[in-house]
Amino acid sequence: MAKNIRLGRPARVALCALLALGQAHAVSQHTRSTTDVAGSLDQRFEVLVDGVAQDRLFAVDMSGARGIAVGGMGRVLITEDGGATWSLESPHTEQALLAVAMAGEHVLAVGQSGVAFVRRWGQPWEAVTTGSEERLLNVALHENGTAVAVGGFGTVLRSSDYGRSWQPAAPDWKAIAAARGGGEDRTGALAEPTMFAVQILPNGDILIAGELAYILKTSPHQPDWALVHGGTRAPGAIAPTLHDIAIGRDGSGFAVGQEGVILKTIDGGNSWRQKPTPSSGANLLAVERRDAEWVFALGMRTALYSRDGGESWQALQALDVGLNWYSDIESVSADGPLLAVGHSGRVIRIQ
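Residues numbered from 1 in each chain as written. Predicted model: local features only at pLDDT ≥ 70, side-chain atom pairs only at ≥ 80, totals over all residues. Heavy atoms only, no water.

S.K.: Can you walk me through the overall build of the protein in this structure?
M.R.: Within the protein, the regular secondary structure consists of three helices and 29 strands. Taking all 351 residues of the protein together, the buried fraction comes to 59%. Considering only contacts in the protein between residues 6 or more positions apart, those separated by 24 or more positions represent 47%. (Helix = DSSP H or I, 4+ residues; strand = E, 2+ residues; numbered from the N terminus. Buried < 20%, exposed > 50% of the residue type's maximum accessible area, 1.4 Å probe, protein only. Contact = heavy atoms within 4.5 Å.)

S.K.: Looking at this model, I keep getting lost on unusual backbone geometry. Mind explaining?
M.R.: Trans is the prevailing form of peptide bonds, just as negative phi is the prevailing case for residues other than glycine. A positive phi angle, close to 65°, is found at L212, a residue other than glycine. The topology assignment puts L212 in the loop between β16 (206-210) and β17 (215-218).

S.K.: Even after reading the chapter, I still don't get the nonpolar core, so can you show me in this structure?
M.R.: The nonpolar side chains of a soluble globular protein tend to be buried with one another. Counting 18 residues, the largest nonpolar core has I208, Y214 and L216 as the members making the most contacts within it. Of all the secondary-structure elements, those providing two or more residues to this core are β12 (147-151), α2 (173-180), β15 (195-200) and β16. Contact partners of L216, with chain neighbours within four places excluded, come to P171, W173, I176, M195, I206, L207, I208, W225, A226, L227 and V228. (Core = buried A, V, L, I, M, F, W, Y, C linked by side-chain atoms within 4.5 Å.)

S.K.: Where do I start with the environment of V256 in this structure?
M.R.: Here V256 is to be found in strand β20 (residues 253-257). Note on V256: relative accessible area 0%, which makes it buried. V256 sits 15 residues away from T241 along the chain, and the two C-alpha atoms are 8.5 Å apart. Once residues lying within four places of it in the same chain are set aside, the contact partners of V256 are L242, H243, D244, V261, I262, L284, L285, A286, V287 and A297.

S.K.: Just to check I follow, could you spell out the sheet that holds strand β8 (residues 106-111) for this structure?
M.R.: Sheet architecture is open: four strands sit in the order β7-β8-β9-β10, paired in antiparallel fashion. Of all strands in the sheet, those bounded by a partner on one side alone are β7 (97-103) and β10 (126-128). Direction aside, neighbouring strands of the sheet carry axes that sit 25° apart on average. Here β7 runs beside β8; their pairing, made up of six bridges, is antiparallel. Along β8, the bridge assignment pairs A99 with V110. (Pairing = 2+ DSSP bridges. Axes fitted to C-alpha atoms, helices over the stretch in contact; angles between N-to-C directions.)

S.K.: Can you walk me through the packing of aromatic side chains in this structure?
M.R.: For any pair of aromatic rings, the description rests on two quantities: the centre-to-centre distance and the angle between the ring planes. Applying the stated criterion across every chain, the model contains five aromatic pairs. Ring centres of W294 and F296 lie 6.1 Å apart, and the angle between their planes is 15°; on these two criteria the pair is classed as stacked. According to the relative accessible area criterion, W294 is partly exposed, its value standing at 24%. Looking at F296, the relative accessible area reads 4%, which means it is buried. A ring pair is formed by W294 and Y305, whose centres lie 6.2 Å apart and whose planes are at 25°; its orientation type is stacked. (Phe/Tyr/Trp six-rings, centres within 6.5 Å; stacked < 30°, edge-to-face > 60°.)

S.K.: Any chance you could explain the sheet that holds strand β6 (residues 87-89) here in plain terms?
M.R.: In sheet architecture, strand pairing relies on hydrogen bonds along the backbone and comes in two forms, parallel and antiparallel. What the four strands build is an open sheet, ordered β3-β4-β5-β6; its pairing is antiparallel. Looking at which strands have only one partner, the edges of the open sheet turn out to be β3 (57-63) and β6. Mean inter-strand twist for the sheet, computed between neighbouring axes without regard to direction, equals 20°.

S.K.: Would you mind showing me how to read α2 here?
M.R.: Listed as buried for α2 are W173, I176 and A177. Considered in projection along α2, the buried side chains sweep an arc of 95° and stay on one side of the axis. Along α2, exposed side chains directed more than 90 degrees from the buried face belong to K174 and A179. For α2, the secondary structure elements touched by its buried residues are β15, β17 and β18 (226-229). (Arc of directions from axis to C-beta.)

Okay, here's the thing in C-alpha cells:
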C-alpha cells in the first residue's frame, strides 16, 4: 500500500524493526535466574519462558493471576498462576499480534493489518472487523466495555462492547497541528502522526500518545480530544516519539519514548514534566509503576528504575537488557514482581 512508504521515517524505524515477524516455535518452560547489581539495588531476573531468536513477544497484560502475552505469527501465551508458568496456544492468525488488554473475563488482542480478536477467558477466540487495515500498535480495555485501539498514520478506533464492534475516533489532526503551531507538523507523514500508546483511566478519561511527543486526552464530560503535551524543538527538528503511558489510580504516572524521554504527571495526565534520565540516547518502549515509589522503564538495550516515584532514575546493569530488547512490562500485583516480554519469545520476571 502506498501509505507504507512513510514507514521509513526515523521516528518509526526502531519500533518497526522489532516488529519483523518470526516463526512460531515450541515454548521452553525452563527457568533461568540471574542476579544483577545496579548501584545498591540487588535485582533478580528470572527467565520464565525462552524461545529462539526468531520468536517475538510484543505485549503482556494481567488480570489477577490470569495473563496473556502476544507476539509474532499470532503467538499467544497464557498463564493462570500469576506468570509462574505459561502455555502456548495454537495461533489463530499469521499476523503479528502487537497488543493485548484484559478487563475481568474479557480479553482483546490487536495487531498487523488492523486485525482484532476477542474472547472471554477460557472461551475460543473470535475474529472481529475493525474497519482499518493499518497496523494497530496498542489497545486499552475498560471494565465498562470501552476499548480504544491506536496505530499507524493517526489511527484511533473506539468500541463500547469490549472490542466486538469498532468506530473511527481519531482526533482532527489538522486542527491539533494548527493549535500547536508550526507549519512542518501539518504536511507529509506528520499530518497523521502514528499513535503508540493508549490508556483508559478508571474514571473513563482516555489518553493516547505517539509521534511528535503528542499526548492527547478526552473524557466523558469533554469528548473532544485535547492536546495536553506536544514536544517543542528547534526549527527543522522533530520531537521524540512516545511509546507508552502508565498512570495510577492516584493520578500520577509516566510516559516514555525515544531519546530516553521520561515525562511525569501528577494530575491524571493534564500536565507533564520531563525528568532527567541516565540514558538520553535510549529508545524506551514501556513503563510500569510497581507502587508509588518504584517505577521501571525498559526498551531497546536499556532498562531503568526509580525508587523515588520517578524523580530520579538509574540504569539496571543487566547483561540481557543491555544487549537485547523488551517491549512491554506489567505488574502482577501491587507488591509483587513485574513481568516483561520481548526478544526470543522471552518472558522474564523482575523480583
